[in-house]
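Close look at the chain arrangement
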Amino acid sequence: MSQIMQRPTRPLTSRPPKPVSRPVKIAFAAGGLVLSAATLGLVLYEVSGGFTPSRSAATSGSLPLSTSHFTPVQVVSSEKSDSLGQHKLIKLKLARELTPPSSTVAPVFSVYLKDSDIQVERAYTPLKGLDENGEMLFWVKRYEHGEVGRWFHRQKVGEQVEIRGPMRTLDWEDGKWDEVVLISGGTGITPFYQLLHNVFTRTGDQKSSSEKVPLPRDTHFTLMHASRSVETLPPPVILDDLQKWARDNPDRLSLCLYVDAKEGDPSTSKDVRPGRINAKTIQEVREQRKLVKQPTWLEWLRGTATGPDRNKKVLFVVCGPEPMITDISGSRLGRPPSDGAAGGVLGNMGYRAEEVRKL
């Protein structure tokens, strides 16, 4: 994930990683359209410790990109995306001969980046995957105590870094979810952008790349994203696409942006709302999308009908700083973290573990 969220880095030891839970399959109602796993993939949960044979992998400059070894790539651009210098858009380029077969690359994936100074790695999400030129674009935040992120920010154009992957951790099948609510904070938006970019720009397994695969009309996405200020909202390379997809496909995508009122002027953008993502704003989305069950007369009089409408198949996916994940969906358990039971705001609203994913 370009940067799903700031997570502790892990030393590159020879100890094999602990096993993780099986990838969870997500299905979307597609009106009869069936898409292969190679056509659509989704990385939407913690990949730390998963699907990697060794964290002390060797480096190879002759073998295609793989999870089994690190591959050198070149930094071809590195630009600040805010005046504070907290975020950068960094583009890496993989040599053509090192590009893995397309059948092995999920359209949405993460790669591990190695900090060669202190020998630790962490996962980042390419915003648009791996393009035909072997390029990957990342939106990276520099945290005060984030060793790999700070190291990544320091790399200059022309220098080489080492990555391994791709890592697919969540599969996508059409046919299950009517509504998907994506809730993100900060750079936690990157896997959701990957997903939506895949949905709204995919060409599929067509003979002609210009022939678009019809969108699964029965699935609606709502993206709720929070930033500390207008200044630290995702850059135009992300927001412009999201706003266009929402404008062109109002029956498929709703976009809700929030900023802390004290740290930014929401009036600079008509799409930005003051405040944070909490029980109130999530309930507003549920009511707008009619995700609340129809009340009985007694519930209506008491105003107590807030449970999920079980006639709709709904999935919530939360990605952001750990406190945000805990408040909205409950804490993640174990090492590496797993979803566990639904808690927080969504648990109080009656959603079950299979309806909530925590990244």
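Above this text you will find the structure in question.
Residues numbered from 1 in each chain as written. Predicted model: local features only at pLDDT ≥ 70, side-chain atom pairs only at ≥ 80, totals over all residues. Heavy atoms only, no water.

**Structural notes on the side chain of His69**
- As for its position among the elements, His69 is in the loop between β3 (41–42) and β4 (71–80).
- A distance of 2.9 Å separates the side chain of His69 from the backbone oxygen of Pro64, its partner in a polar contact.
- One polar contact links His69 to Ser68, side chain to side chain, over a distance of 3.3 Å. (Helix = DSSP H or I, 4+ residues; strand = E, 2+ residues; numbered from the N terminus. Polar contact = N/O pair within 3.5 Å; in protein donor to acceptor, adjacent residues only side chain to side chain.)

**What to know about the pairing of strand β9 (residues 160–167)**
- Counting buried residues along β9, six of its eight residues qualify, which places the element largely inside the surrounding structure.
- The pairing of β4 with β9 spans four bridges and is classified as antiparallel. Bridge pairing in β9 places Gln74 opposite Gln160.
- As paired strands, strand β6 (residues 110–115) and β9 are joined by four bridges and run antiparallel to one another. By the bridge assignment, Tyr112 is partnered in β9 with Arg164. (Buried < 20%, exposed > 50% of the residue type's maximum accessible area, 1.4 Å probe, protein only. Pairing = 2+ DSSP bridges.)

**Side note on the environment of His69**
- We classify His69 as buried; its relative accessible area is 8%.
- Remark: the alpha-carbon pair of His69 and Ile163, spanning 94 residues in sequence, is separated by 8.2 Å.
- Among all residues touching His69, those that are not within four sequence positions of it are Ala57, Ala58, Ser60, Leu63, Pro64, Ile163 and Arg164. (Contact = heavy atoms within 4.5 Å.)

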